[in-house]
Every structure is written in C-alpha cells, then in structure tokens.
Amino acid sequence: MRRAGRLRAVAALLVALVVLALDAGRGFAEEPFAGFETDPLQPADTSSPRDTLRSFDDNITAAMQAWRQGQTLQQILGPGGRALDTIDFSRLAQEGRFAAEVESALQLKEILDRVKLPPEEEIPGDAAVADKQNPVSRWSIPQTRITIARIDGGARAGEFLFTADTVARLPEYYEAVRHLPYKPGALAGIYDEYIHGFSLILPRSWTRNLPDWSKRLVFGQTVWQWLGFAIVVAAAVALVRALLRWGRRWDERHLEAPPSTRFGLPAAVLAAVAAAFLARLVTIVGLGFADETWAPLTTATWVLMFAALGWFVVLVTGRVADVVNAARYTEAGSIDSQLVRIVLRLASLVLLVSLVIYAAGFFGIPLTPVIASLGVGGLAIALAVRPTLENVIGGLTLFADKPVRIGDFCRFGAEEATVEEIGLRSTRLRKLDDTVISMPNSDFSQREITNYSRRRRRLYQTTIGLRYETNEEQLRAVIAGLDTMLRDHPRVLHDRLHVRFDGFGASSLDVAVFVYVSATDWLQYLEVREDLNFKIMSIVGAAGTGFAFPSQTSYLALDPSLGAGPAT
C-alpha cells in the first residue's frame, strides 16, 4: 500500500509539472508582439539570392525579437520556421536535427551581423536569375565562402538556399568572426543568450531573475542548466528503476497465471523508453541544452533508447510465443511450440535489423556505401553465410516435414538417440549412453531417419529351433501351445499373428513366430518380450522336447571296390 501511495504521488507530481509547464507556455506573452505577421502560412521567399538573404534576415530577426519579448510559441516559431526554410539542412542527421537547425541559423545570423554585406542592388535578384544568356545559379557573399545556390532536384527544385557546405562550416566561420564588433542595429549577443538561457517551458522572466552565480558557464552550460539536468536525470533514473522493478515483480506474481498476463516486464521497458524520451525532451526544451555540450549526452540517450526498444521487441516476441502456444494447447517442448518460437524469433530478428537500419539513418550514418559494398562483396558474403543458411533451411525442413518431434527416439545413420531440441541452427540429441550431441540441421535433415517413437506397435519375431528327435505329435503340441499362449496374452495383438512349422534347419526343426505387441516404449517392449520368452520355454518343456543346438552326426562305412561284391 505504501508503494502504491508513492507511485500515485509521483504520478500526481508529474501531472502537476506538465500543467505548470503548459500554463507557463501559455503565459509567455502578456502583450501581443507588434511585429507578428498577419499571414502565418506565407512561405519564405527564396526565388533569388537577394530574396533568400532578405527573407532569412527579416524572419530570424522577428523570431528572436519575439523570443526576447516573451511572446507565444506561435509568434516565435512562425518567422523562425521561414528563416529555417532558407537553409539547406539536408546533410544533418535526424537525431537532434531541430536544435542543430536553430543553432546553425543563429550562428549564420551572428556572422551576417558582423561581416560587411554588399549593397542590396549588387546582390543577384529575380532579373539576374531570369537572364536567358547568363543566368545566376549561385552567389557567395564577397570575401566569404557563405554561398546561396539553386537547388536542382527534389521537392525544392528551383529555390535558392544557403548551401549544405555552408551549414557544415558555420561553426568554423562563427569562431573566426565572433571577435568582430556588431553592425549598428544588430541583435547583439542573441546566440550566447539562446545557448545559455533558452527554454520553451520556463518564461524568460524566470531565467532573467536567477542569481548571478547560477549563470556562470561550466563546460559550455550555465550552472542552473547543469543543476536542472542533474534533477531530470535523477528523476528519470529513479522512475526507470521503479518501472523495471515493478515489471519483474508483476511477472513473478503471474508465473502460475496464463501467459497473456505476464507482460509486466515488456510494459515496464516500454514505459522506461517513454520516461527516457520525456527526460530528453525536458532537458532540451526546458533547459536549453542544444549545443556541442549536449550532443554526446543526447546521442548516448538515443542509443540507450534504441537498445531498450530492441530489448522490448525480444521480450514481446517471447511473450507472444507463450500466449500462442497456450492458446493452441501445444505441449511444452513439442515441435509445434518450437516452430512458433522459431518463427517469432525470426520476426524479432527482422524487427531488430530494421531498428538498426533506422537508427543508423537517425544518427546520420550513411548506409549507401555499406549497401554498395554488399553488392561488390556479395559473393564472398554468400559463401561465408552458406553453412548458416543451409542450417536454417534444414531446420525449417525439419519443422515442415516433422520426421521427428521433441522427445522422439530415433535412428539416424548408425546412431540412436532421443531428440531434445530442434533449434534454428542445430538439433540437440541425447544418446543411449546419456551423452549429448549437437548436429547441424543441414546434416541431420539429410540423414535417413528411423523414428522408433512413431511406432504404433512393436514386432516380436523369432525362430524356435527344436531337436530333430522331436516327433510330429510333439511338434504339433508346441505349435498349438504357442498359438494359444499368444492369443491369451493381454499385450499381444491378434491381427497378423502367425505360428508355423517353418522348415528343416541344419540342426533343428524350425518354428517361426510372427506377432505384434502393443508396446511403444522400448523398455516396456523388453518386459513383454521377456515374458513371452519364458512362456515359450515352458511350452517346449511341457511338450517333452527341447531346443536344438548346432550338432554333427558322423557315419562310418567302407566303400566297395570296382568289380567286387558288397562290402561286409
């Protein structure tokens, strides 16, 4: 009860913080911003280098003035979004993209407010772009490498944007000019102010009224940002640990319950991912961690979140396999349950590979060279993975044909063993001497397999050799006694029961016995066979005869000579 009360208290605190954050966001502006545009859907003008430069400068200035005056998010993001539309950010990674875009735009603004720009009439405009003889396709600010160029393809073909190469070198350009004085009318210090005090949740008045010691820079961030970051991380760690502990305890309490109720740990992992994402969002949006100081931290956070998502996929597929097997009433360890688990394991592998590919693109890792290298080295890779693919296909063949099941006793080649597990790569078998062998599926599936466990009955077949001294009456008595004994035995099947005088052997009169026994287990069959053997001995003895054994008879005689009389 105490634990439940603490959880409710934590939930109430989180709700209260969200409400306060929303109220703070709504309370940004007490007075409307005079410079707010009347047409918020109007796109940025990027029809020429002159229009792009003007559009960027006007809109970024309007956005930052709205932020400085504490206006609403709509009044900040409207012109800010148009300013970002004048820049080619196509090479930025998805991870932390928006923060990187804003930081690059502010660095560009800082540079333009310090360097000398040519008169507006000298910047190529619509006429220069439309010139049929010598149309302008790119333009650089004099004495700089800051370039505006026309986009040739894609959804924004024909627009003039600050190039991706310019974006990549903006930090370098900013460091080179930051010692220069601002031009008259520039937004002085806007970049440093944004880096060390920007928050979409906390009002500007809160950060302005903080004590001076909290505004000191430590490793690129202010003290109050680091303190807030420590609080957020501690709260996130405590929440994640509590969720994981709750998930494990939930599953432990439902071990005897149906598998469909044992989803506590996957739910906790997913909630932990959401908690980590929320902590990252609060850190970036609420505390303003958006520069190089936060980059390694946010990367580590995303790596942990992707790893947790992969863990969640593995957990869920395992739970789903339990639910499916329980719904189909499959026996634990049977080939059907193994097949369900193998299929879901392959599905989880596909999902994990897809997650890795998405994560690589998210972090900006180029996959095109990797795919190209796969095309070039495809033959080598195919040869390397051929044994693994053969084993996988062999395992699927075993699952499809079902020559054996888990627990079956079988003969494969010259070996006999019991099947314990059929995996994706190999089959594990336990031999009669209790040793375990692991055989690749490709090899096992190609063997001649005799499944003894599939027998509906076992054959008892033997030949009884009686002495040649046995007369006809005794022989008939033995055959009649054997037939009666077998038909009266509770474990002997009457169909195809045969007891016949088979012929004259080298040392015996042979009686053939052919009968089926209702025993599928090997040890049970040995017990029945022993009982039959003892009863056969009693019947032969009661008939007054005995079993023959290899013997020889010698005849001594003198052959007569040619022309002589008979020998005497």
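Residue positions within a chain follow its written sequence, with the count starting from 1. Residue-level local features of this predicted model are given only where pLDDT is at least 70; pairs of side-chain atoms are given and counted only at 80 or more, and the full residue set underlies all totals for whole chains, interfaces and linings. Water and hydrogen atoms were dropped before computing side-chain values, which therefore reflect all heavy atoms in the structure.

Chemist: With reference to specific residues and values, describe the overall build of the protein chain.
Modeler: Under the DSSP-based scheme used, a helix requires at least four consecutive residues in state H or I and a strand at least two consecutive residues in state E, with every element numbered from the N terminus. A tally of helices and strands in the protein chain yields 18 helices and 13 strands. Any residue under 20% of the maximum accessible area for its type is buried, any over 50% is exposed, and the rest in between are partly exposed; the area is computed with a 1.4 Å probe on protein chains only. Classification of the 568 residues of the protein chain by burial places 38% in the buried group. Any two residues whose heavy atoms approach within 4.5 Å are treated as being in contact. Of all intrachain contacts in the protein chain linking residues separated by at least 6 positions in sequence, the fraction that spans at least 24 positions is 65%. Here the Shrake-Rupley method, with its probe set to 1.4 Å, supplies the accessible areas, and only the displayed protein chains count as covering residues. Of the accessible surface of the protein chain, which amounts to about 33200 Å², a share of 60% is contributed by carbon and sulfur atoms.

Chemist: An account of the pairing of strand 2 (residues 147-150) is requested, with residue identities and associated values reported.
Modeler: Side-chain direction in a regular strand flips from residue to residue, so the side chains alternate between the two faces of the sheet. In this scheme, strands are said to pair when DSSP sees at least two bridges between them. In terms of strand pairing, strand 1 (residues 138-140) meets strand 2 through 3 bridges, oriented antiparallel. Bridging across to strand 2, W139 finds its partner in I148. Connecting the antiparallel pair strand 1 and strand 2 is a turn made up of 6 residues, with Q143 showing a positive phi of about 65°.

Chemist: Quick one: what's the story with a nonpolar patch on the surface, residue by residue and with numbers?
Modeler: Every patch collects residues that have over 30% relative accessible area and no salt bridge, joining them within 9 Å if they carry like charges and within 5 Å if they are nonpolar side chains (Val, Leu, Ile, Met, Phe, Trp, Tyr). The rule for a salt bridge is simple: a side-chain nitrogen of Lys or Arg has to be within 4 Å of a carboxyl oxygen of Asp or Glu. A grouping of L73, L77 and F98 is seen on the molecular surface, where their side chains present a nonpolar patch of about 270 Å² in accessible area. Its place among the elements puts L73 in helix 3 (residues 73-84). When its relative accessible area of 31% is taken as the criterion, L73 is described as partly exposed.

Chemist: Break down the packing of helix 17 (residues 472-488) against helix 18 (residues 522-542) for me, citing the residues and quoting the values.
Modeler: Between helix 17 and helix 18, whose axes approach to 9 Å, the crossing angle comes to 145°. Crossing handedness for the pair helix 17 and helix 18: right-handed. The residues of helix 18 that touch helix 17, namely those facing V478, G481, L482, M485 and L486, are L532, K535, I536, I539 and V540. Throughout this entry, Asp, Glu, Lys and Arg are counted as charged residues, while Ala, Val, Leu, Ile, Met, Phe, Trp, Tyr, Cys and Pro are counted as nonpolar. The remaining residues, Gly among them, count as polar. Broken down by class, the residue content of the contact of helix 17 with helix 18 amounts to 8 nonpolar, 1 polar and 1 charged. Comment: axis = line fitted to C-alpha atoms, over the contacting stretch for helices; angle = value between 0 and 180 degrees taken between N-to-C directions. Should the near helix be turned counterclockwise from the far one by less than a right angle, the crossing is left-handed, whereas a clockwise turn marks it as right-handed.

Chemist: Quick one: what's the story with the sheet that holds strand 8 (residues 426-431), residue by residue and with numbers?
Modeler: In any sheet, the strands associate via hydrogen bonds between backbone groups, in a parallel or an antiparallel arrangement. The 5 strands lie next to each other as 9-8-7-6-10, forming an open sheet whose pairing is antiparallel. Single-partner strands in this sheet number two, and they are strand 9 (436-440) and strand 10 (449-451). The average angle at which neighbouring strand axes cross in this sheet is 40°, direction not considered. Relative to strand 9, strand 8 is paired through 5 bridges, and the arrangement is antiparallel. Paired with S426 across the bridge in strand 9 is P440.

Chemist: Provide a residue-level description of the pattern of salt bridges, including the pertinent values.
Modeler: This model, assessed by the stated rule, comprises 21 salt bridges. Across the pair E175 and R178 runs a salt bridge, and its minimum N-O distance is 3.3 Å. A relative accessible area of 48% means that E175 is categorised as partly exposed. Overall, the relative accessible area of 38% leaves R178 in the partly exposed class. Ionic pairing is found between E416 and R411, a salt bridge with its closest N-O pair at 2.5 Å. Bridged by salt links that share partners, the residues E420, E421, R428, R430 and D434 form one connected network.

Chemist: Please provide a residue-by-residue account of the packing of helix 2 (residues 49-68) against helix 4 (residues 97-112), values included.
Modeler: For any two helices packed against each other, one specifies the crossing angle of their axes together with the interaxial distance. Running from N to C, helix 2 and helix 4 cross one another at 110°; their axes reach a closest spacing of 11 Å. Considered as vectors, helix 2 and helix 4 are oriented roughly perpendicular to each other. Facing helix 2, whose interface residues are L53, F56, D57, I60, T61 and M64, helix 4 presents A105, L106, L108, K109 and L112. Roughly parallel means an angle under 35 degrees; roughly antiparallel means over 145; roughly perpendicular covers 65 to 115; every other angle is labelled oblique.

Chemist: Now, about unusual backbone geometry: what can you tell me, with residues and values included?
Modeler: A positive phi angle is found at Q143, which is not glycine, with a value near 65°. Mapped onto the secondary structure, Q143 falls in the loop between strand 1 and strand 2. You can call Q143 exposed: its relative accessible area is 82%. Of note in this structure, D434 is not a glycine but carries a positive phi near 70°. Assignment of secondary structure puts D434 in the loop between strand 8 and strand 9.

Chemist: Lay out the nonpolar core in plain terms, naming residues and giving numbers.
Modeler: Of all hydrophobic cores here, the largest spans 35 residues; its most connected members are F56, I87, L108, I111 and F162. Broken down by secondary-structure element, the contributors of at least two residues to this core are helix 2, helix 3, helix 4, strand 3 (160-162), helix 7 (170-177) and helix 8 (190-197). When sequence neighbours within four positions are dropped, the list of residues in contact with L108 reads F56, I87, I146, F162 and L170. Throughout, nonpolar core names a set of buried Ala, Val, Leu, Ile, Met, Phe, Trp, Tyr and Cys residues whose side chains join them through atoms within 4.5 Å. Counting residues in hydrophobic clusters, the runner-up holds 25 residues, among them I464, L497, V511 and V517.

Chemist: Which residues make up the environment of I479, and what values go with them?
Modeler: Inspection of the secondary structure assignment puts I479 in helix 17. When the C-alpha positions of I479 and V511 are compared, they lie 7.6 Å apart, and in sequence the two are 32 residues distant. Apart from the residues lying within four places of it in its own chain, the contact partners of I479 are V499, F501 and V511.

Chemist: I'd like a rundown of the confidence of the model for the protein chain, residues and numbers included.
Modeler: Mean pLDDT for the protein chain: 76, with 71% of residues reaching 70 or above. Highest mean pLDDT in the protein chain belongs to strand 3 (94); lowest belongs to helix 1 (residues 2-26) (38). The score called pLDDT rates the predictor's confidence residue by residue, from a low of 0 to a high of 100. Counting interchain partners and residues more than four positions distant, the pLDDT-below-50 stretch residues 1-38 has 32 contacts.

Chemist: Report on the side chain of D408, specifying residues and quantitative values.
Modeler: Its place among the elements puts D408 in the loop between helix 15 (378-401) and strand 6 (409-412). In protein, a polar contact means a hydrogen-donor-capable atom and an acceptor-capable atom, both N or O and within 3.5 Å, with residues adjacent in sequence counting only if both atoms are side-chain atoms; elsewhere, any N or O pair within 3.5 Å suffices. Among the polar contacts listed, one links the side chain of D408 to the side chain of N451, at a separation of 3.0 Å. Setting aside residues no more than four positions away along its own chain, D408 makes contact with A417, T418, V419, N451, S453 and R454.

Chemist: Can you tell me about the sheet that holds strand 11 (residues 458-466), naming the residues and giving the values?
Modeler: Across the sheet, 3 strands lie side by side as 11-13-12; this open sheet has antiparallel pairing. Bordering the open sheet on either side are strand 11 and strand 12 (492-504), each of which pairs with just one other strand. Pairs of neighbouring strands in the sheet enclose a mean axial angle of 15°, with direction left out of account. Along the sheet, helix 17 makes contact with strand 11, strand 12 and strand 13 (509-517), crossing strand 12 at roughly 165°. In the packing of helix 18 onto the sheet, contacts are made with strand 11, strand 12 and strand 13, and the angle to strand 11 comes to roughly 25°.

Chemist: Please provide a residue-by-residue account of a positive patch on the surface, values included.
Modeler: Positive residues here are Lys and Arg, negative ones are Asp and Glu, while His and the chain termini are left out of the count. All charge positions are set by atom: Lys at NZ, Arg at CZ, Asp at CG, Glu at CD. A surface patch of positive charge is lined by R241, R245, R249 and R253. Its location among the elements puts R241 in helix 10 (residues 223-253).

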